[in-house]
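Topology and contacts: notes
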Amino acid sequence: MRWHDATRFAWGGLRGFRSRALLMVLSMAIGVGAVVVLTALGEGARGYVVNQFSALGTNLLIVFPGRTETGGTGTGMLVGQTPRDLTLEDALALTRAPGIAAVAPLTIGTALMTYGGRSRETIVLGTSWHWKDIRGVEMQSGSFLPAGDARAATPVCVIGRTVRDELFGSEVAVGRQVRIGDRRYRVIGVMTPHGESLGFNMDEVVIVPVAAAQALFDISTLLRILVEARSRSDIPRAKAQAEAILQERHDGERDVTVVTQDAVLETFDRILRALTLAVGGIAGISLAVSGILVMNVMLIAVSQRRQEIGLLKAVGATRAQIRVLFLIEALLLAMLGAAAGLALGLAGSALIRRLYPALPAYAPSWAIAAALLTAALTAIVFTLLPARRAARLDPVLALSRR
Amino acid sequence: MISLLGIERVFLVGDQPVRALRGIDLEIGAGEYVSLMGPSGSGKSTLLNIVGLLDRASAGSYRLDGLDVTALSDEQQARVRREKIGFVFQFFHLIARLSAQHNVELPMLLAGIPAAERTRRSDDLLRRYGLAERAHHKPEQLSGGQRQRVAIARATVMRPPVLLADEPTGNLDRASGQEVVRILEDLHGAGTTLIVVTHDPDLGARAPRRLRMVDGRIEQDLRG
Ligand SMILES: Nc1ncnc2c1ncn2[C@@H]1O[C@H](COP(=O)(O)OP(=O)(O)OP(=O)(O)O)[C@@H](O)[C@H]1O
Ligand SMILES: [Mg+2]
């Protein structure tokens, strides 16, 4: 028997039992479609996080107080005594390191911001003029924080677009005096809308010189120090230098953690990849479970076609040939179902991308391949028993009208 | 060439053994034309099924062309069915979704014969049996006599040396039956060994050798 002929014969068999075939195609299509859509969602989430991090700047290192376990990248798990806080002096000391291009201290608080009759609870970031380059801030009007000594508490501020809109409406903002908490500041710039980045919406913040923020909130510590390495290859060197400098300043205690963007990204990447794998796997299992349906449908097919099977044997079909014919039939169904499922899944992913443009929801090719393979394998495995039963049919009994 | 010795066939109905064949000894030479008659339930179909390798004997030996076919594997038996034996059934047993032509080609398809050759041979047979216009019709669009001629074409398309027919005219009117008999006898005339099971005394009487079965035994073996 030639493959081509066997396939055509099996195809004819399918067409004879349309509703049965449709049922199987549908169950396969739903399974494959689910795998494609769910993994596309997982990949989309991963891509979203990666994009968010990339928006941070490429050669970035982040210093925060406290020591985490080696290899860890979270803020938890302090080892030993309570760590010393990071100070502005620490940040300034880091600028000495040859591998480091720029340093931006960061402190955060919230305060009531008022202008005229309007007021708004606003996130206040205290930093230095280096922030602009490190974070890639662009100005819509005015200028960013002035260059110069970071210890100077100059009463100026730079505001995000939303803050500007809410406090000033159609008025010109640059040059106006605003109150933040109990102090007065002059607005010197408005930032171009930037959107969400690492947790807060940059359009809803006000940025002041770090010393001004420390005075405003009456603190002497920093939340983070952002460090930019001179180049991508300088990242490990910059990290080691930053650690060494801070260890020296903290009486030999290694009580800070320096994470590179790569490390953070890698962790998120790993977590989200695992998540994608998990949801894809669950959908895959449900696909495999549809094999039970496949088996039932094929068993019915065998009993409905006893005469045909008996006849085939009478005109010279071997058991192996009968088995192959049924397996091809199942495989054809699986392929039809998988194709329909793939179309369904790709359309679903496209719809997700349309509804949530921030999510690059493309199903990974490994997931598509795995879904198709699972569909084919399921069809074959669960047809083995029905095919075997068909092959063992006694031709005389199958042909008799008893 | 067909040589049966001490063939027994016992069916279990519930736990009751039914002896459908009781010690059949039979030799049929190449090119013979044999009719097999007898009352209903006497074992004619059972015997024919065993000769056609559709069924296995419970005991005894069966040699075809000197080859002990009871000892063959499934694969080898299928090959014998395909190449050495043609079977014609009372109820035609055509595949409903296949055209007449594709039904005829079925044994060649299983044998792996290329499509062009299959078409050539099936065209030829259909024309010879007066079915050229019906080649692309489905069985349900054919009369009983036409269906049986398609079935004969299918049984002979591999040019088997042995043709077995179990009541081939049992479901046909007189005219169609005569047409079918003419075709079968033409095949015998061309050298095919022909064994026909029938209840029709006129048909049975046409064969040069006439077997009569009763109760699982061959009671009569008449020649001439
Ligand atoms: N599969 C089977 N299971 C049980 N008994 C069977 C089976 N096939 C045949 N028999 C029995 O074997 C005996 C012979 O049956 P067989 O079909 O060979 O008779 P037959 O001579 O062809 O009859 P008919 O002229 O009615 O076709 C009968 O008693 C029948 O009931
Ligand atoms: Mg019978």
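Since we're looking at a predicted model, the values are computed, not measured.

1. Some remarks on the nonpolar core
- Counting 83 residues, the largest nonpolar core has A:F326, B:I2, B:L4 and B:Y62 as its most contacted members.
- For this core, the element with the most residues is helix α10 (residues 319-355) of chain A, which contributes eleven residues.
- Non-local contacts of B:I2, meaning those with residues more than four positions away in its chain, are made with B:L26, B:E27, B:I28, B:V51, B:Y62, B:R63, B:L64, B:V162 and B:I195.

2. Things to note about the interface of chain A and chain B
- With 25 residues of chain A in contact, the opposing surface of chain B contributes 25 residues.
- Of the roughly 2300 Å² buried between chain A and chain B, counting both surfaces, carbon and sulfur atoms make up 61%.
- The interface formed by chain A and chain B holds three salt bridges in total.
- Two residues, B:D74 and A:R319, come together in a salt bridge whose shortest N-O distance is 3.8 Å.
- Run the count over chain A and chain B and you get ten residue pairs in polar contact (both at pLDDT 80 or more).
- Listed by contribution, the elements that provide at least two residues to the side of chain A that touches chain B are α1 (3-15), α9 (306-314), α10 and α12 (395-399) of chain A.
- Sorting elements by how many residues they give to the side of chain A that touches chain B places α9(A) first, with six residues.
- The residue inventory of the side of chain A that touches chain B, partitioned by class, reads ten nonpolar, six polar and nine charged.

3. Observations regarding the environment of B:F89
- With respect to the helices and strands, the residue B:F89 is situated in the loop between β6 (85-88) and α3 (100-111).
- Excluding residues that lie within four positions of it along the chain, B:F89 makes contacts with A:L311, A:A314, A:L399, B:L54, B:Q148, B:R154 and B:D166.

4. Here we look at the site of ligand 1
- Surrounding ligand 1, one finds 15 residues, the nearest of these being B:S40, B:K44, B:S45, B:T46 and B:H199.
- Residues near ligand 1 are shared among chains A and B, making this a multi-chain site.
- One of the backbone nitrogen or oxygen atoms of B:S42 is found 3.3 Å away from an oxygen atom of ligand 1.
- Side-chain polar atom of B:H199 to an oxygen atom of ligand 1: 2.8 Å apart, as the coordinates give it.
- In the complex, the protein chains occlude 73% of the 630 Å² of accessible area that ligand 1 would expose alone.
- Residue assignment for the shell around ligand 1 shows that the elements contributing at least two residues are β1 (2-13) and α1 (44-51) of chain B.
- The greatest single-element share of the shell around ligand 1, amounting to three residues, is contributed by α1(B).
- A class-by-class count of the residues in the shell around ligand 1 yields five nonpolar, seven polar and three charged.

5. Regarding the packing of aromatic side chains
- Counted under the stated rule, the structure contains two aromatic pairs over all chains.
- Centre to centre, the rings of A:Y115 and A:F168 are 4.4 Å apart; their planes meet at 40°, and the pair counts as tilted. Note that A:Y115 is positioned in strand β2 (residues 100-115) and A:F168 in helix α5 (residues 161-168), a separation of 53 residues in sequence. Both residues of the pair, A:Y115 and A:F168, belong to the buried class.
- Look at B:F87 and B:F89: their rings are 4.9 Å apart centre to centre, the planes differ by 20°, and that puts the pair in the stacked class.
- In this structure B:F87 comes out as buried when scored by relative accessible area, which is 7%.
- Taking relative accessible area as the criterion, B:F89 reaches 8% and is therefore assigned buried.
- Directly above the ring of A:Y362 sits A:R353, whose terminal nitrogen or CZ lies 3.9 Å from the centroid.
- Here the basic side chain of B:R97 rests over the ring of A:F9, its NZ or CZ set 4.8 Å away from the ring centre.

Analysis parameters
Residues numbered from 1 in each chain as written. Chains lettered and ligands numbered in written order. Predicted model: local features only at pLDDT ≥ 70, side-chain atom pairs only at ≥ 80, totals over all residues. Heavy atoms only, no water. Core = buried A, V, L, I, M, F, W, Y, C linked by side-chain atoms within 4.5 Å. Buried < 20%, exposed > 50% of the residue type's maximum accessible area, 1.4 Å probe, protein only. Helix = DSSP H or I, 4+ residues; strand = E, 2+ residues; numbered from the N terminus. Contact = heavy atoms within 4.5 Å. Buried area = accessible area lost by both parts, 1.4 Å probe. Salt bridge = Lys/Arg side-chain N within 4 Å of Asp/Glu carboxyl O. Polar contact = N/O pair within 3.5 Å; in protein donor to acceptor, adjacent residues only side chain to side chain. Nonpolar A, V, L, I, M, F, W, Y, C, P; charged D, E, K, R; others polar. Near = heavy atom within 4 Å. Areas by Shrake-Rupley, 256 points an atom, 1.4 Å probe, with all protein chains shown as cover. Phe/Tyr/Trp six-rings, centres within 6.5 Å; stacked < 30°, edge-to-face > 60°. Lys NZ or Arg CZ within 6 Å of the ring centre and 35° of its normal.

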